[in-house]
Amino acid sequence: MSLIAQNITGILNELNANTKLIAVTKTKPLEDLLEAYQSGFKRFGENKVQEMTDKYERLPKDIEWHMIGHLQSNKVKYIAPYVYLIHGVDSFKLLKEINKEAIKNKRVINCLLQIYIAQEETKFGLSKEEAYELLTSEAFGQLDHIKIIGLMGMASNCDDTEKIRQEFRGLKTLFDSFRALESKSISMKELSMGMSGDYHLAMQEGSTMVRIGSAIFGSR
Ligand SMILES: *Cc1c(COP(=O)(O)O)cnc(C)c1O
């Protein structure tokens, strides 16, 4: 078994039954993705539209492609035909554009709202209040080709496990409270939190999707 396949198997064995693994393949060559694919793994995450689309075109079509990075409205059209889940939705403008492109492609695109949980300047995302306002707005109610199936967040990049745990816990609490908003376009099923350095903590706090790159493919 290849090293990549071994790493994936090792992580899968650690995950709870209700936590899915997204293998984050950004910057990694096609051969690495193929190695994972040939071991039976088909769920990949990328953070750049161009790179994800290039890889999509060159690889087998039964792969689930997860857009985990910051997405610009003008690039939605490139991924709309095939993207499986967009993790980083952080504005109504972006959601409206995703809806428009989903209509063109005659599909419903599943999305997660990215929530700002870390006390760091560099992280994208909505505040909890902004997310609530978006989900309860009249304009949101009119988008019928998108579905919000959960939330995504990134904890502070630090060694303070208690702080990271609290950030994940806060996101889980919000996720649970949003279950009350269930509608045709909202169904809180997926909580995308946890990366190579903090996925054990994330899982303990209720993550259903961990996005892991370097622990599988090595450092970038
Ligand atoms: C790169 C990236 C990851 C994976 O990070 P690792 O530390 O390599 O596991 C997860 N989520 C997002 C949004 C990323 O950009």
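Residues numbered from 1 in each chain as written. Predicted model: local features only at pLDDT ≥ 70, side-chain atom pairs only at ≥ 80, totals over all residues. Heavy atoms only, no water.

As annotated in an unreviewed UniProt entry, the protein is Pyridoxal phosphate homeostasis protein from Dyadobacter helix. Per its UniProt entry, the protein bears the Function (unreviewed entry) comment "Pyridoxal 5'-phosphate (PLP)-binding protein, which is involved in PLP homeostasis." As stated in UniProt under Sequence similarities (unreviewed entry), the record for the protein gives "Belongs to the pyridoxal phosphate-binding protein YggS/PROSC family." (UniProt positions renumbered as here; feature names shortened; annotations may be inferred.)

Novice: I keep staring at the site of the ligand and nothing clicks. Help me out?
Specialist: Taken together, Val24, Lys26, Ile68, Met152, Met154, Met195, Ser196, Arg211, Ile212, Gly213, Ser214 and Arg220 make up the full set of residues near the ligand. Within the backbone of Ser214, an N or O atom sits 2.8 Å from an oxygen atom of the ligand. In the environment of the ligand, an oxygen atom lies 2.8 Å from a nitrogen or oxygen atom belonging to the side chain of Arg220. Contact with the protein chains hides 90% of the accessible area of the ligand, taken as 390 Å² for the molecule alone. For the shell around the ligand, a count of residues per class yields six nonpolar, three polar and three charged. (Near = heavy atom within 4 Å. Polar contact = N/O pair within 3.5 Å; in protein donor to acceptor, adjacent residues only side chain to side chain. Areas by Shrake-Rupley, 256 points an atom, 1.4 Å probe, with all protein chains shown as cover. Nonpolar A, V, L, I, M, F, W, Y, C, P; charged D, E, K, R; others polar.)

Novice: Would you take a moment to explain the nonpolar core for this structure?
Specialist: Considering soluble globular proteins, one finds that nonpolar side chains tend to be buried as a cluster. Counting 63 residues, the largest nonpolar core has Ile86, Leu135 and Leu151 as the members making the most contacts within it. The element best represented in this core is helix α8 (residues 161-178), accounting for six residues. Among residues more than four places away in sequence, those in contact with Leu151 are Leu112, Leu113, Ile115, Leu171, Leu174, Phe175, Phe178, Met188, Glu190, Leu191 and Ser192. The next biggest cluster of nonpolar side chains, apart from the first, holds six residues, and it includes Ile22, Leu85, Ile149 and Met209. (Core = buried A, V, L, I, M, F, W, Y, C linked by side-chain atoms within 4.5 Å. Buried < 20%, exposed > 50% of the residue type's maximum accessible area, 1.4 Å probe, protein only. Helix = DSSP H or I, 4+ residues; strand = E, 2+ residues; numbered from the N terminus. Contact = heavy atoms within 4.5 Å.)

Novice: In this structure, what is going on with the packing of aromatic side chains? I would like to understand it.
Specialist: For any pair of aromatic rings, the description consists of the separation of the ring centres together with the inter-plane angle of the planes. This structure, assessed with the given rule, holds four aromatic pairs. Joined through ring pairs, the aromatic side chains of Phe41, Phe44 and Trp65 make up one cluster. Stacked on the ring of Tyr56, the Lys or Arg Lys61 has its end atom at 4.8 Å from the ring centre. (Phe/Tyr/Trp six-rings, centres within 6.5 Å; stacked < 30°, edge-to-face > 60°. Lys NZ or Arg CZ within 6 Å of the ring centre and 35° of its normal.)

Novice: When you look at the pattern of salt bridges in this model, what are you seeing that I'm missing?
Specialist: When their charged atoms lie close together, side chains carrying opposite charge are able to pair. Here the structure, examined in full by the defined rule, presents 12 salt bridges. A salt bridge links Glu51 to Lys55, with the shortest nitrogen-to-oxygen separation between them at 2.7 Å. Highlighted residues: Glu51 and Lys55, both in helix α3 (residues 49-58), separated by four residues, approximately one helical turn. Taken together, the shared-partner salt bridges connect Glu162, Arg165, Arg169 and Glu205 into one network. (Salt bridge = Lys/Arg side-chain N within 4 Å of Asp/Glu carboxyl O.)

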